[in-house]
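Topology and contacts: notes
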Amino acid sequence: MRLSAEQLAWSVHGTPLLIDVNLAVEPGHTFGLVGPNGSGKTSLLRLLAGLNKPKSGRVLMGSQPMHTLKQRAIAQSIALVEQQADTTDRITVHQVVSLGRTPFLSALRPWSAKDDAIVAQALIDVDMAHMADRLWHTLSGGERQRVHIARALAQQPNILLLDEPTNHLDIRHQLSILELVRQLPITVIISLHDLNQAMECDRIGVMDGGRLIDSGHPHDVLTPNRLKQTFGVYTHVIDDPVDGKQIMRFRSAV
């Protein structure tokens, strides 16, 4: 499913956090969102997920303006994995992931064996099946992050939004989660701090000061000049001796 934003703006207490953002992500593409801290990435993802309403402009799911859709319909198509989400409830890992099925349940459509299978597969996909009965408050930060991703996968969304999903993860689970996301046959928008990870996306966009200042193919966007201007770093590119891929190394330009 295509997800797009037209002249999107948002502010908090009169302070603009997003300014005239125009964005279109085609069905099945993975779009990487990068930018310095405070550049507006999280604000944009929350608007795209329908959690916040824009001050002006609009978000479209396919050809449908999001503001015309009920929250249940949005939740059946879009899943968001935020940076921080917590609870004080005594809830198990399995119960957290099962919440991903909530948008599809009703009096006429109760929980079924199909939902059990979807939740079980989501736990397997993030390597948390062996912890299904663990209580939430006993998990590490990285384990909680993987559970949140499993909950989003259990929604079986057409569009998956991830806000720095590799935070708190060890390197093995970073790589496995990113590989899993790349293999999903859905539209993905993923906010990343690691610019080398962002290079694996189909397209990327650079946020700065609440604006989407550039977007396109990663090699066209993350140029040495852009990296110096936006991130304040000099860049040196080397070839990986194993697979020949280009890897960026950085040093401060300050």
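It should be noted that the structure appears before, not after, this text.
Attention in this report is confined to the structure presented alongside it. (Residues numbered from 1 in each chain as written. Predicted model: local features only at pLDDT ≥ 70, side-chain atom pairs only at ≥ 80, totals over all residues. Heavy atoms only, no water.)

**Focus: the overall build of the protein chain**
Spelled out, the test is: Starting at the N terminus, helices and strands are each numbered in turn, a helix being any DSSP run of H or I of at least four residues and a strand any DSSP run of E of at least two. We compute the radius of gyration from the C-alpha atoms alone; for a globule the expected value is 2.2 Å times N to the 0.38, where N is the number of residues. When accessible area is computed with a 1.4 Å probe and restricted to protein chains, residues below 20% of their type maximum are described as buried, those above 50% as exposed, and intermediate ones as partly exposed. We call two residues in contact when some of their heavy atoms are within 4.5 Å. Accessible surface is estimated by sampling points in the Shrake-Rupley manner with a 1.4 Å probe; for residues, cover comes only from the protein chains shown. Counted as positive: Lys and Arg. Counted as negative: Asp and Glu, with His and the chain ends omitted from the count. One atom stands in for each charge, and that atom is NZ of Lys, CZ of Arg, CG of Asp or CD of Glu.
When its secondary structure is counted, the protein chain shows 9 helices and 12 strands. For the protein chain, whose C-alpha radius of gyration is 19 Å, the value lies close to the compact-globule estimate of 18 Å for 254 residues. Principal-axis analysis of the C-alpha atoms gives the protein chain an extent of 55 × 45 × 30 Å. Across the 254 residues that make up the protein chain, the buried fraction comes to 46%. In the protein chain, the share of contacts with a sequence separation of at least 24, taken over all contacts with a separation of at least 6, comes to 62%. Looking at the protein chain as shown, the accessible area adds up to about 12800 Å², and 51% of this sits on carbon and sulfur atoms. Taking the 25 positively charged and 25 negatively charged side chains of the protein chain as two groups, their mean positions are separated by 6 Å.

**Some points on the environment of Asp208**
Take Asp208: it is sitting in strand 9 (residues 203-208). On a C-alpha basis, the gap between Asp208 and Pro27 in space is 25 Å, while along the polypeptide they are 181 residues apart.

**A word on helix 6 (residues 171-183)**
Which entries qualify depends on this criterion: Any helix carries an expected span of 1.5 Å times its number of residues minus one.
Here helix 6 spans 19 Å end to end across 13 residues, near enough to the 18 Å set by a 1.5 Å rise per residue. Where the residues of helix 6 are buried, they touch helix 4 (113-125), helix 5 (141-154), strand 7 (159-163), strand 8 (187-191) and helix 7 (195-198).

**A few points about the nonpolar core**
In plain terms, the rule: Joining through side-chain atoms within 4.5 Å is the link that ties buried Ala, Val, Leu, Ile, Met, Phe, Trp, Tyr and Cys residues into a set, and such a set is a nonpolar core.
Core analysis: the biggest nonpolar cluster contains 46 residues, and Val97, Val147, Leu160, Leu162 and Leu222 have the highest contact counts within it. Looking at this core element by element, the count peaks at 6 residues for helix 5. The contacts of Leu162, once residues within four sequence positions are left out, are Leu45, Val81, Ile149, Val181, Val188, Ile189, Ile190 and Ser191. Listed in part, the 26 residues of the second largest apolar core include Val21, Leu23, Leu44 and Leu161.

**Some points on the sheet that holds strand 10 (residues 211-216)**
We apply this condition: In this analysis, strands are considered paired if DSSP registers two or more bridges between them. Only the contacting stretch of a helix is used when fitting its axis, a line to C-alpha atoms as for every element, and angles between N-to-C directions run 0 to 180 degrees.
Spatially, 6-7-8-3-9-10 is the arrangement adopted by the 6 strands of the open sheet, whose pairing is mixed. Of all the strands in the sheet, the pair left with one neighbour each is strand 6 (78-81) and strand 10. Geometrically, the sheet is characterised by an average inter-axis angle of 15 degrees between neighbouring strands, direction not taken into account. Judged from the 5 bridges that link them, strand 9 and strand 10 form a sheet pairing that is antiparallel. Note on strand 10: the bridge partner recorded for Met207 is Leu212.

**Some words on the pairing of strand 12 (residues 246-252)**
Two faces, one strand: in a regular strand the side chains alternate between the faces of the sheet. Of the pairings in the sheet, the one linking strand 11 (residues 233-239) to strand 12 comprises 7 bridges and is antiparallel in character. In the strand pairing of strand 12, Val237 is matched with Met248. Where strand 11 folds back on strand 12, the antiparallel hairpin that results is connected by 6 residues, among which Gly244 adopts a positive phi of roughly 80 degrees.

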